[in-house]
Amino acid sequence: MKIQIITCSIRDGRATPRVALWAERKARQLWEDVEIEAVDLQSFELPLYMEDPSPLDNKDRHPVPNVQAWLDTLAQADGYVFVTPEYNHGMPSALKNALDFVDVQLQRKPAAVIAHGTVGGARSIEQLKLVLNSSIGAVPVPQTVTLVGSVSRGELLSEEGEVLSPALSGAERALESTLKSLRWYAEALRAART
């Protein structure tokens, strides 16, 4: 089984990689028998989505190479952890743009969301779960993780994703619960798909 932990921010000075490394460290502690792949949305340099017709309706689709690489990467996983900030009361535009390219890669596969921001990224989580579950057809797990406070100033997590503050004890428990739920859904849905 393969689980991807996706860093969903592409801007300069982003703090999201710290959070993704934190999640990856915890996943590796919990799962010795699961392949964990770190995926960074920034590395794909995706263009703005302007395809017509939409991906699901386009039988003759020929994505440009970096879009195809994004789609091929997603297709390899059995489950996903989306690690996202909240920008202006919602998910980053780069993440929404990346998801607009998706056709069948995430269908019937579970997705967990970890967010950070002023209110713990709660509005980003709400939007992302709606997009994942609508036409994309992913299965968002019920549990989520929210980090309230400044991740970017290094008060909560180190550059390597190590916990620096006891204030994260509740988030640590939420992360473990979320990852365990993701594993359960990944196993169940993988069996159902095959």
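Our subject is the structure that appears above.
Residues numbered from 1 in each chain as written. Predicted model: local features only at pLDDT ≥ 70, side-chain atom pairs only at ≥ 80, totals over all residues. Heavy atoms only, no water.

Peer 1: So what about the environment of Ala27? Which residues, and what values?
Peer 2: Counting through the fold element by element, Ala27 comes out in helix α1 (residues 16–30). Ala27 sits in the buried class, given a relative accessible area of 0%. Sequence spacing of Ala27 and Ile5 is 22 residues, and the spatial spacing of their C-alpha atoms is 9.4 Å. Leaving out residues up to four positions away in the same chain, Ala27 has contacts with Ile5, Ile36 and Leu179. (Helix = DSSP H or I, 4+ residues; strand = E, 2+ residues; numbered from the N terminus. Buried < 20%, exposed > 50% of the residue type's maximum accessible area, 1.4 Å probe, protein only. Contact = heavy atoms within 4.5 Å.)

Peer 1: If you had to explain helix α5 (residues 169–193) to someone new, which residues and values would you point to?
Peer 2: Taking 1.5 Å per residue, 25 residues should reach 36 Å; α5 reaches 36 Å between its end C-alpha atoms and fits that length. Of all the positions in α5, only Ala171, Leu175, Thr178, Leu179, Ser181, Leu182, Arg183, Ala186 and Leu189 are classed as buried. (Expected span 1.5 Å × (residues − 1).)

Peer 1: Requested: an account of the pattern of salt bridges, with residues and values cited.
Peer 2: In the structure shown here, the tally under the stated rule is 16 salt bridges. Residue Arg18 pairs with Glu159 through a salt bridge whose shortest N-O separation is 2.6 Å. Residue Arg18 is found in helix α1, and its partner Glu159 is found in the loop between β5 (139–148) and α5; the two are separated by 141 residues along the sequence. Here Glu159 falls in the exposed class, since its relative accessible area comes to 51%. A salt bridge links Arg183 to Asp33; the shortest N-O distance between them is 2.8 Å. Residue Arg183 is located in helix α5, and its partner Asp33 is located in the loop between α1 and β2 (35–40); the two are separated by 150 residues in the primary sequence. When salt bridges that share partners are traced, they join Lys2, Glu35 and Glu37 into one network. (Salt bridge = Lys/Arg side-chain N within 4 Å of Asp/Glu carboxyl O.)

Peer 1: Break down unusual backbone geometry for me, with residues and values.
Peer 2: For the bond running from Asp52 to Pro53, omega is 0 degrees, close enough to zero to count as cis. Tracing the backbone shows Pro53 in the loop between β2 and α2 (65–75). You will see that Glu45, though not glycine, has its phi angle at about 50 degrees, which is positive. Relative accessible area serves as the criterion here: at 64%, Glu45 is assigned to the exposed category.

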